[in-house]
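Residue-level structural notes
What follows is the residue order along each chain.
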Amino acid sequence: MLHHGGSRLSKLFCSPKTPPFNLPHRLLINYKSSSLSQAKGLTSLDEECDDFFLPWLERKAGAKISSVLSIGKSAYGRSLFASEIIRTGDCILKVPYTMQIGPDNLLPEIKALLSDKIGTFAKLAIILLVEQKMGQDSEWAPYISCLPQHGEIHSTMFWSEYELDMIRQSPVYQETVNQKAKIEKDFAAILPALEQFPEFFESITLKDFMCAHFLVTSRAWESSKGLSMIPFTDFMNHNGVSDSIVLFDEDNMWSEVIADRNYAPGEEVLISYGKFPNATLLLDFGFTLPYNIHDQIQIHLNIPHHDLLRDLKFELLQHHRTPTIKDAIGFNCSQDTFIIKEVRSPRGKGKGLPQSLRAFARVLCCTSPQELNDLAMEAAKTDGRLARRPLKDSRREFQAHQMLLSHITHLMQKYDVAIKALAPENFPSMSNTFAPRRQMALDLLTGELRVLKSASTWLKNYCANVKSTIHCQSR
């Protein structure tokens, strides 16, 4: 029997919900607690949904989906709760592949008109738009009716310019702009095909497509069978430290979830969407965590135009560059872009600060062609990676890391200003939409600042050690 885990499809980056705010039912985790491992108690059964949804799904599937879970409402929205004792290792739900919405559900006559360049996200979005238009005539009507509406979505894709300005300091700001532009391009590409089916798309708008696209982004799971939406399973909220994930059984052709701990009746049952930082959670899912252990930050370093060795340094870095890749939060990372994670040990080896960042700084601090040539020769004699060892000249090594420290300190100052601007007293009147978004912006910026501070602390200690070595050498 073949099992493999699926993962949330994150292009980049579901949200804590506090009782005063009406946030998306499944995308909401905890604003008030820093530990998502705490039990979340059942506030009330979602009788309207619980009475019809699971029975409908099981009738449609012709199989039992779950006998230990109930749909309920907590302080965090619609969720799944233990209806009886659940023990570690129990299979708590099984959803057959036939009950999952994938690209094969796209009407053939629509599919025939779409370009081969149209991706799976857009195709699934079109499927949702068709089913929404069909209303109660849709075979998926009970599921479609449970999906969040536009006003309940808090991804930065739907923030106003005023709201986006709160996170301008974060890389999420630019990535939001980029993602919106991409979706607009996708919509323009599919619109001629959609216009051939006025019964479904007569009044379709970019806003409609963006909403459907977000529902796919935030709810679909990736597996070896491709991208699919899994009804009922996507009512489960996220726990960043949970070991439970959606598993795919290819032999029996179903998706399942195994409990990673014991649950008492009435406890909310949680799974992990993936080890995502708040940047990913906010853009792709529409929520943040107050303390996210997976937070990280993207920073940029450039060779100054006034550097007399700029061309030589650029050529050297190009020769030793690694391919452009997508980092854990989905950004396209070039050779002058680096992802810093929280440095847990201020006096350790600096795990969290990428070696490539430190290498880049060492190259930047070279002041002669000979120094650059020495780095190239050293790389050729080892594993080919450039400037991964401390520079032989301790003064130059100190200078390289002092430069990094200065750059990070400058970023920290900017983050401090941005965070102070989010103080409640600066917003005497907040709407039900703006209030949670301000909190999400604060969670995002605070987490990224925490990562910068950890890097700063480590760099200060490293520079102090190098400086001590310099003093010893000068005696």
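Looking at the chain as a whole, its pLDDT mean stands at 86, while 86% of the residues score no less than 70. This model gives residues 11-39 a pLDDT under 50, and the stretch forms 139 contacts once residues within four places in sequence are excluded. Note on residues 323-334: pLDDT is under 50 here. Beyond four places in sequence and across chains, it has 34 contacts.

A word on the packing of aromatic side chains. Applying the stated rule across the entire model yields 17 aromatic pairs. Ring centres of F338 and F360 lie 5.4 Å apart, and the angle between their planes is 65°; this geometry places the pair in the edge-to-face category. Of the two residues, F338 sits in strand 16 (residues 337-341) while F360 sits in helix 11 (residues 355-364), which places them 22 residues apart along the sequence. Taken individually, F338 and F360 each receive the classification buried, so the pair is uniform in this respect. Joined through ring pairs, the aromatic side chains of F52, F53, W56, W140, Y143, F232 and F235 make up one cluster.

Moving on, we get to the packing of helix 11 against helix 13 (residues 394-420). One way to put it is that helix 11 packs onto helix 13 with a least axis distance of 8 Å and a crossing angle of 115°. In the packing of helix 11 onto helix 13, the handedness of the crossing is right-handed. Residue-level contacts link L357, R358, A361, R362 and L364 of helix 11 to E397, A400, H401, M403 and L404 of helix 13. The residue inventory of the contact of helix 11 with helix 13, partitioned by class, reads six nonpolar, one polar and three charged.

A few words on helix 6 (residues 171-194). Under the 1.5 Å per step criterion, the end-to-end length of helix 6 is 34 Å for 24 residues, consistent within 8% with the ideal 34 Å. A188 marks where helix 6 bends most, by close to 25°; the proline P192 follows one to four residues later. Within the sequence span of helix 6, burial applies to P171, V172, Y173, E175, T176, Q179, I183, D186, F187, I190, A193 and L194.

Here the focus is the pairing of strand 16. Strand 16 sits mainly inside the fold: four of its five residues count as buried. Two strands pair when backbone bridges link them, and strand 13 (residues 296-300) and strand 16 are joined in this way by five bridges, in the antiparallel orientation. Residue pairing across strands places H300 opposite T337, the latter belonging to strand 16.

Reading the values: the criteria
Residues numbered from 1 in each chain as written. Predicted model: local features only at pLDDT ≥ 70, side-chain atom pairs only at ≥ 80, totals over all residues. Heavy atoms only, no water. pLDDT = per-residue confidence, 0-100. Contact = heavy atoms within 4.5 Å. Phe/Tyr/Trp six-rings, centres within 6.5 Å; stacked < 30°, edge-to-face > 60°. Helix = DSSP H or I, 4+ residues; strand = E, 2+ residues; numbered from the N terminus. Buried < 20%, exposed > 50% of the residue type's maximum accessible area, 1.4 Å probe, protein only. Axes fitted to C-alpha atoms, helices over the stretch in contact; angles between N-to-C directions. Left-handed = near helix turned anticlockwise from the far one by under 90°. Nonpolar A, V, L, I, M, F, W, Y, C, P; charged D, E, K, R; others polar. Expected span 1.5 Å × (residues − 1). Bend = angle between axes of the 7 residues up to and from the residue. Pairing = 2+ DSSP bridges.

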